[in-house]
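Read off the chains here:
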Amino acid sequence: MLFKVEMTVNIPPDMPVTTATEIKAKEKAYSQALQQEGKWRHIWRVAGLYSNVSIFDVKDADELHEILMGLPLYPYMDIQVDALCRHPSSIRNDDK
Ligand SMILES: O=C(O)CC1=CCC(=O)O1
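The rules we used
Residues numbered from 1 in each chain as written. Predicted model: local features only at pLDDT ≥ 70, side-chain atom pairs only at ≥ 80, totals over all residues. Core = buried A, V, L, I, M, F, W, Y, C linked by C-beta atoms within 7 Å. Buried ≥ 20, exposed ≤ 12 C-beta atoms within 10 Å, placed from the backbone. Helix = DSSP H or I, 4+ residues; strand = E, 2+ residues; numbered from the N terminus. Expected span 1.5 Å × (residues − 1). UniProt positions renumbered as here; feature names shortened; annotations may be inferred. Pairing = 2+ DSSP bridges. Axes fitted to C-alpha atoms, helices over the stretch in contact; angles between N-to-C directions.

Our next topic: the nonpolar core. Counting residues in each nonpolar core, the largest one holds nine residues, listed as Phe-3, Val-5, Met-7, Leu-34, Trp-40, Phe-56, Leu-64, Leu-71 and Met-77. By residue number, the principal contributor to this core is strand S1 (residues 2–9), which donates three residues.

Moving on: helix H1 (residues 17–37). Compared with the 30 Å implied by 1.5 Å per residue over 21 residues, the 30 Å span of H1 between its first and last C-alpha is a close match. One or two residues past the end of H1 sits Gly-38, with phi positive at roughly 85 degrees.

Right, let's get into the UniProt feature "domain: Muconolactone isomerase" (unreviewed entry) in the chain. As annotated in UniProt, the feature "domain: Muconolactone isomerase" (unreviewed entry) corresponds to residues 1–89 in the numbering used here. Summarising residues 1–89: 34% helix, 33% strand, and an end-to-end C-alpha distance of 18 Å.

Taken together, the four strands give an open sheet; going across it, the order is S2-S3-S1-S4, and neighbouring strands pair in antiparallel fashion. Looking along the sheet, the strands with just one partner apiece sit at the ends: strand S2 (40–45) and strand S4 (77–84). With direction set aside, neighbouring strand axes in the sheet form an average angle of 15 degrees. Two elements, S1 and strand S3 (residues 51–57), share seven bridges in a ladder whose sense is antiparallel. By the bridge assignment for S3, Thr-8 is matched with Ser-51.

This is the structure we're talking about:
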């Protein structure tokens, strides 16, 4: 199943910079491992915001939930999830 996920990061202003830097490094490694596995198919920065729009390709909503709960930045994120279906005009075989 494909899901569009929008993540907005709100790091508390009083978090020490070293702590924030460590969490961001863990987040990057976590994200890149899932991208290598093909589960985190795309990630884009939303211009002008500390937000990303991502496409996940996972078995079901339960798997997506586990992935999102495991994000190192999860405690500092607002997350919106939308389930995606194949568009009838799509020419891509992997849009399902
Ligand atoms: O910077 C972000 O948008 C949060 C994030 C998600 C995966 C990653 O590497 O950073």
